[in-house]
Each structure stands twice: as C-alpha cells, then as structure tokens.
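Chain and residue survey
If you want the building blocks of each chain, they are given just below.
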Amino acid sequence: MGAKDKHVILLVSQWCATCPDADQLWRKLQQEYGFKYEVLDVAQPEGRMWAKKLMVRSVPSTIIDGKLTFVGVPEEAEARKAIES
C-alpha cells in the first residue's frame, strides 16, 4: 500500500486552537503525497461516530486508515513517516 492509498481523517472542533495548524500540515502533505484527506468536526454525526468508535477524547486527532495515529499536532517528520509506512 503506497502513500496515495492512505486515508487520513482529521477530527477537529470549532473551539480548538491548534486544529488549524494540524489541518495546514495535513493539507500540505496531501498535496505532496495525494492521499485521501477529510476533516471531520466532532460536533457533526460522522465526526462523533469516529470519536466514539476510537474513544477519542481530544482534538485535533488524526486517524490514518481507520487507526488513531496522532493526538495533537504531529511533527511533520512523524506525519511523513506515518504516510510513507
């Protein structure tokens, strides 16, 4: 499975101060790698479903291929590593 086949979901909230930073990082990497990228608000049904399913307690949280991978804003090098693996 290559980077283009990855599916990244970023769980956010309107009140989250660091969520825009996480979104900016993932959008930058999405442009570079071409993976599927979604931003879901935990106040909306689909975001709430993912938060409940993975027991997410804080945002921003990054889900890669259905697995909770990062809580908070990841370092760019760590995010790249997760996409490339």
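So, how was this worked out
Residues numbered from 1 in each chain as written. Predicted model: local features only at pLDDT ≥ 70, side-chain atom pairs only at ≥ 80, totals over all residues. Heavy atoms only, no water. Pairing = 2+ DSSP bridges. Helix = DSSP H or I, 4+ residues; strand = E, 2+ residues; numbered from the N terminus. Right-handed = clockwise from strand over helix to strand, strands pointing away. Disulfide = S-S within 2.5 Å. Buried < 20%, exposed > 50% of the residue type's maximum accessible area, 1.4 Å probe, protein only. Axes fitted to C-alpha atoms, helices over the stretch in contact; angles between N-to-C directions. Contact = heavy atoms within 4.5 Å.

As annotated in an unreviewed UniProt entry, the protein chain is Glutaredoxin from Thermocrinis minervae.

1. Regarding the pairing of strand β2 (residues 36-41)
Two strands pair when backbone bridges link them, and strand β1 (residues 7-12) and β2 are joined in this way by six bridges, in the parallel orientation. Bridge pairing links Leu-10 to Val-39 in β2. The parallel pair β1 and β2 is bridged by helix α1 (residues 19-33), and the resulting crossover is right-handed.

2. Focus: the state of the cysteines
The tally for this structure, following the rule as stated, stands at one disulfide. A sulfur-sulfur distance of 2.2 Å marks the disulfide that ties Cys-16 to Cys-19. Residues Cys-16 and Cys-19 are joined by a disulfide whose S-S torsion is about 95°; by sign, that bridge is right-handed. Judged on exposure class, the residue Cys-16 and its partner Cys-19 are both buried.

3. Comments concerning the sheet that holds β1
Taken in spatial order, the four strands line up as β2-β1-β3-β4 in an open sheet, and their pairing is mixed. The sheet terminates laterally at β2 and β4 (67-71), the two strands that pair on one side only. Put simply, the sheet's adjacent strands are angled 25° from each other on average, direction ignored. Here helix α2 (residues 45-53) sits on the sheet in contact with β1, β2 and β3 (61-64), set at roughly 95° to β2.

4. What to know about the environment of Ala-43
Positionally, Ala-43 belongs in the loop between β2 and α2. Classification of Ala-43 by relative accessible area gives partly exposed; the value is 48%. Considered as a pair, Ala-43 and Leu-11 are 32 residues apart in the sequence and their alpha carbons are 9.8 Å apart.

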